[in-house]
Amino acid sequence: MGAVPSTPRWTGGARPQDTTEYLIATFVGEKSFPISSDFWQKLLELPLNLQWPSHRVLQACELFVRNNYNTRHLAKILVHLAWCLQECVSTSDAPSVVYGKALNALYISSIFLKYLIETAKTDKIEELHLFLDETEPAPTDVTEGLAIQDFLLRAVLSFIGSIDVSPNTHVLHLELLHFMLIAMSTQLLSGPSPGPKDVNPFIDAAMTQERPLVISVVHRLLVNYITHPSLSTASYSIFSEGSQPGVLQKVSSAAANIVLLPFNYLVSSSTEGSKSPLADCSLHVLLILIHYHKCVVGNEFITEKSDDTAASDSNLKQTTCFSDNPYCKAIENATDVEFDRLDTEGNAHAGPVLRLPFASLFDTLGVCLADEAAVLLLYSLMQGNSDFLEYVLVRTDLDTLLMPILEALYNAPKRSPNQIYMLLIILLMLSQDSSFNASIHKLILPSVPWYKERLLHQTSLGSLIVIILIRTVQYNLSKLRDVYLHTTCLATLANMAPHVHRLSSYASQRLVSLFDMLSRKYTKLAELRDNNMHLAKGNSIEENGLTDDTSTEMHIYTDFLRLVLEILNAILTYALPRNPEVVYAIMHRQEVFQPFKSHPRFTELLENIYTVLDFFNSRMDAQRVDGEWSVEKVLQLIIVNCRSWRGEGMKMFTQLRFTYEQESRPEEFFIPYVWQLVLSRGVLSFNPEAINLFPVDPPPERQSIYGMVPNSQLNGEFERAVFLDA
């Protein structure tokens, strides 16, 4: 073992030196100390101020792995950690020595637990050995009849949920959350699809806790995120000798691949958009907890009957399902602290309910939406909790949330594809509400400083949303080329269309230009298909395949063009008098519609557009003006004649309304996504070669988990649900 002794060494016949060097060497060595031995108190009470280089820490970890099978020292220190936390909870104004013992137990446990998880050789993670040796005498109340992981997680969660964050407890709160990330990182060893053979002992233990404890933990994590408590590094010295970092803190800067520990994180956090490590860790732990689903195997009887006899044979068939997630349920049932929610019969909810300050949560999210994790929290709240979604929709300052969302979409090249999808899904969910679609056009923005292509003064929030959605389609067409992103943007625009009010000239121009852009792409594909068909006369399999691919892409663009025509029709049918700029934009670019007048998919929709064009063109022909027609004169004529518009000759189509629907197996997307966020933020380092949850290199493939279902079936063009690729 080199410089780290595997067994205690005596010096000159004297008793062993009670130093950190000796105690750590003994902890990782061959000798097993009973859980009641005073060795544990010595280990946890001494200041851990030894400074080891990374290679010695690695040697200690390797030795610990070899000996833990016999010593069970990991299980024992986890029990002592639980006891320390219980003492912290039960003792009001606990002295710093109690918190110091808990921190020492956390530091030691974190290093060796993380190494054991990263180097596990089996999918069952047997190397953890989370149980005591049957031959060892132990106190009868060691774990109160619970498995060690259950006993530990109850103590960890009890501290988090019941002890307020203060200058004295801040560091312990932070380290407990960091420990939870390490303990739950067993998920990284599992495959991308949760299966019944996955072993996640600590997170499974968290799922078995009682409802009041779960609610208190979720409440604490969200309050931490809302308040963003910070701690000066000077406060850290109360748990170490002076300001000198101890061995386990010192290891973090020298051996980041082994463990990322607290002092380094407090001093040099590189988190984006937040200066509170406690808030960041709280959010990451919460997201892991609420998106976890355990796959379990169940049995069901399958009865088969023949046509000739009434006799039946019952066969036992195994099926897989997912157990309930109490943390997800707590979020789904959360209510605003300002109101007591009642059910339809007027009875209050049975049992405890999570009560949150929705106003503070809304404001915090508005500030933090540049962070992907914040976007995922907003999505989780809106998708799972109807009360929170309703609260968002009734806020009069919707720009608090929408402006950071739109700015992030504007900067799409700097954002990950997953973040773009989540932002678009949020907009789609909001656009399902008619009052939202109406109110966004009443909120006028004095300026939009981050929009560089054009000065936008006194633009409505609704017009800005239209501009950004169309810009996102343009970006996707040139970069991502993802059909589902197109569909999401267009679905949101379709939901907004009947409620458009005084759409700006720029937004109106962009809407018509969107049709022109898609039509040019469609025309190029049609030419390519014709060329491929001509070349395919030789019956070449490869050439026929190219023709089929082109035809499929043409069909997709046909759907897009029809949807844009549906959007224009909805504005002209339901809101023409309020949108003279849309009429002007159509008149100004009316030639872009001409090539599609005879297209069977577009005929009826274009008939409506030409009815509008004929009406206003005839008014222009009848109007005599001095000199040439100017923009101002044409627009004034449109405004005047909008008053006499009655919609005669217009064919009414069923109003489109798209609704977002999450697929039945969302965990296949969210579990890898959350862990990618945690690792990308530097909150936790992990051996890339040990990760099976998602491909580390090349970038992970996107999985189809988002769903969108049109209530009206787009006049028969979308016969099935469209799943958004994310």
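None of these values were measured; they are calculated from a predicted model. (Residues numbered from 1 in each chain as written. Predicted model: local features only at pLDDT ≥ 70, side-chain atom pairs only at ≥ 80, totals over all residues. Heavy atoms only, no water.)

Q: How do you make sense of the packing of helix α15 (residues 372-384) against helix α16 (residues 386-394) when you look at a structure like this?
A: The angle between the axes and the distance between the axes are what describe a pair of packed helices. Two elements in contact, α15 and α16, have axes whose closest approach is 5 Å; the angle formed by their N-to-C orientations is 105 degrees. Classified by the angle their axes make, α15 and α16 are roughly perpendicular. Mapping the contact onto sequence places Leu 378, Leu 381, Met 382 and Gly 384 in α15 and Ser 386, Phe 388 and Leu 389 in α16. (Axes fitted to C-alpha atoms, helices over the stretch in contact; angles between N-to-C directions. Helix = DSSP H or I, 4+ residues; strand = E, 2+ residues; numbered from the N terminus. Parallel < 35°, antiparallel > 145°, perpendicular 65-115°, else oblique. Contact = heavy atoms within 4.5 Å.)

Q: Could you clarify how one ought to interpret the pattern of salt bridges in this entry?
A: Think of it this way: side chains of opposite charge can pair up when their charged atoms draw near. Using the criterion set out here, one finds 17 salt bridges in the structure. One salt bridge in this structure joins Arg 601 and Asp 559, with 2.9 Å as the shortest N-O distance. Here Arg 601 is found in the loop between α24 (580-588) and α25 (603-622), whereas its partner Asp 559 is found in helix α23 (residues 541-575), with 42 residues between them in sequence. Neither residue differs from the other here; Arg 601 and Asp 559 are each classed as buried. Between Glu 604 and Lys 651 there is a salt bridge, with the nearest N and O atoms lying 2.3 Å from each other. Placement of Glu 604 in helix α25 and of Lys 651 in the loop between α26 (631-642) and β7 (658-662) is noted, with a sequence separation of 47 residues between them. (Salt bridge = Lys/Arg side-chain N within 4 Å of Asp/Glu carboxyl O. Buried < 20%, exposed > 50% of the residue type's maximum accessible area, 1.4 Å probe, protein only.)

Q: Even after reading the chapter, I still don't get the packing of aromatic side chains, so can you show me in this structure?
A: Taken as a whole, this structure holds 25 aromatic pairs when the rule is applied. Ring centres 5.5 Å apart and planes at 55 degrees place the aromatic pair Phe 27 and Phe 112 in the tilted group. Residue Phe 27 is located in helix α1 (residues 20-28), and its partner Phe 112 is located in helix α5 (residues 96-118); the two are separated by 85 residues in the primary sequence. For the pair Phe 27 and Phe 112, one class covers both residues: buried. Geometrically, the ring pair formed by Tyr 379 and Tyr 660 is edge-to-face, given 6.1 Å between the ring centres and 75 degrees between the ring planes. A residue pair is termed long-range when its members are at least 10 positions apart, and Tyr 379 in helix α15 and Tyr 660 in strand β7 qualify at 281 residues. Within the aromatic cluster, the residues linked to one another by ring pairs are Phe 27, Phe 33, Phe 39, Trp 40, Phe 64 and Phe 112. A cation over an aromatic ring shows up here: Arg 72 above the ring of Tyr 69, its NZ or CZ 5.4 Å from the ring centre. Positioned over the ring face of Phe 615 is Arg 619, at 3.9 Å from the centre of the ring. (Phe/Tyr/Trp six-rings, centres within 6.5 Å; stacked < 30°, edge-to-face > 60°. Lys NZ or Arg CZ within 6 Å of the ring centre and 35° of its normal.)

Q: Looking at this structure, I do not really get the packing of helix α4 (residues 73-90) against α5. What am I missing?
A: Two elements in contact, α4 and α5, have axes separated by 9 Å at closest approach and are oriented at 150 degrees. Put simply, α4 runs roughly antiparallel to α5. Judged by the twist between their axes, the crossing of α4 over α5 is left-handed. From α4, Leu 74, Ile 77, Leu 78, Leu 81, Cys 84, Leu 85, Glu 87 and Cys 88 reach across to α5, where they touch Val 98, Tyr 99, Lys 101, Ala 102, Ala 105, Leu 106, Ile 108, Ser 109, Leu 113 and Leu 116. Taken together, the residues of the contact of α4 with α5 break down into 15 nonpolar, 1 polar and 2 charged. (Left-handed = near helix turned anticlockwise from the far one by under 90°. Nonpolar A, V, L, I, M, F, W, Y, C, P; charged D, E, K, R; others polar.)

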